[in-house]
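Listed here are the chains, written in short residue letters.
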Amino acid sequence: MNLTDDQKRLVEENHNLIYSCMHKFGIKLNEFDDYYGDAAIALCNAAIHADEKTGKFSTFAYKCIENELRRKFN
């Protein structure tokens, strides 16, 4: 996955969304590795598909991460 410099910046600035969303789902420390990769990919995909005109990136990215984690739990 190739990200532009702006997309990389978005991912770096919003990386804590991963931890916030995983905490919301009650993911324990011993399960962290099982879900982190999928959440990180969701954050990168959010950076790729984000549209600055439609709203705040962090809200969009959080929703993307949340949706990915929901898929993993089902």
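See above for the structure.
Every value quoted in this text rests on a predicted model; they were computed, and no experiment measured them.

Comments concerning helix H2 (residues 16-24)
Since the α-helix advances by 3.6 residues per turn, residues separated by three or four positions end up pointing in the same direction. For H2, every residue scored as buried is listed here: Leu 17, Ile 18, Cys 21 and Met 22. Relative to the axis of H2, the buried residues are bounded by an arc of 130° and lie together on one face. Across from the buried face of H2, at angles greater than 90 degrees, the exposed residues are Asn 16, His 23 and Lys 24. Tucked into the core, H2 has its buried residues touching helix H3 (32-49) and helix H4 (57-73).

With respect to a negative patch on the surface
Negative charge collects at one region of the surface, where Asp 5, Asp 6, Asp 51 and Glu 52 lie side by side. Checked against the element boundaries, Asp 6 lands in helix H1 (residues 5-13).

Some words on the pattern of salt bridges
The full count for this structure, using the stated rule, is six salt bridges. Glu 66 is the salt-bridge partner of Lys 63, the closest N and O atoms lying 3.1 Å from each other. Placement of the pair is Lys 63 and Glu 66 together in helix H4, with a separation of three residues, close to one helical turn. Since its relative accessible area comes to 46%, Lys 63 is described here as partly exposed. Across the salt bridge formed by Glu 68 and Arg 71, the nearest N and O atoms sit 3.0 Å from each other. Residue Glu 68 and its partner Arg 71 are located together in helix H4, separated by three residues, close to a single helical turn. A network of salt bridges, in which partner residues are shared, links Lys 24, Lys 63, Glu 66 and Arg 70.

A closer look at the layout of surface pockets
By volume, the largest pocket is sized at about 260 Å³. Looking at the largest pocket, it is lined by 15 residues, and the ones nearest its centre are Leu 10, Ala 50, Asp 51, Glu 52 and Phe 57. At the level of elements, H1, H3 and H4 are the ones that each hand at least two residues to the lining of the largest pocket. Looking at the lining of the largest pocket element by element, the count peaks at four residues for H1. Each residue belonging to the lining of the largest pocket can be placed in one class, and the counts come to six nonpolar, four polar and five charged.

Criteria and thresholds
- Residues numbered from 1 in each chain as written.
- Predicted model: local features only at pLDDT ≥ 70, side-chain atom pairs only at ≥ 80, totals over all residues.
- Heavy atoms only, no water.
- Buried < 20%, exposed > 50% of the residue type's maximum accessible area, 1.4 Å probe, protein only.
- Helix = DSSP H or I, 4+ residues; strand = E, 2+ residues; numbered from the N terminus.
- Arc of directions from axis to C-beta.
- Contact = heavy atoms within 4.5 Å.
- Patch = residues over 30% accessible without salt bridge, like charges linked within 9 Å, V, L, I, M, F, W, Y side chains within 5 Å.
- Areas by Shrake-Rupley, 256 points an atom, 1.4 Å probe, with all protein chains shown as cover.
- Salt bridge = Lys/Arg side-chain N within 4 Å of Asp/Glu carboxyl O.
- Lys, Arg positive; Asp, Glu negative; His and termini not counted.
- Charge placed at Lys NZ, Arg CZ, Asp CG, Glu CD.
- 1 Å grid on protein atoms, 1.4 Å probe; cavity = no way out; pocket = protein on both sides within 12 Å on 5 of 7 lines; lining within 4 Å.
- Points joined across faces, edges and corners; volume = space filled by probe spheres on them.
- Nonpolar A, V, L, I, M, F, W, Y, C, P; charged D, E, K, R; others polar.

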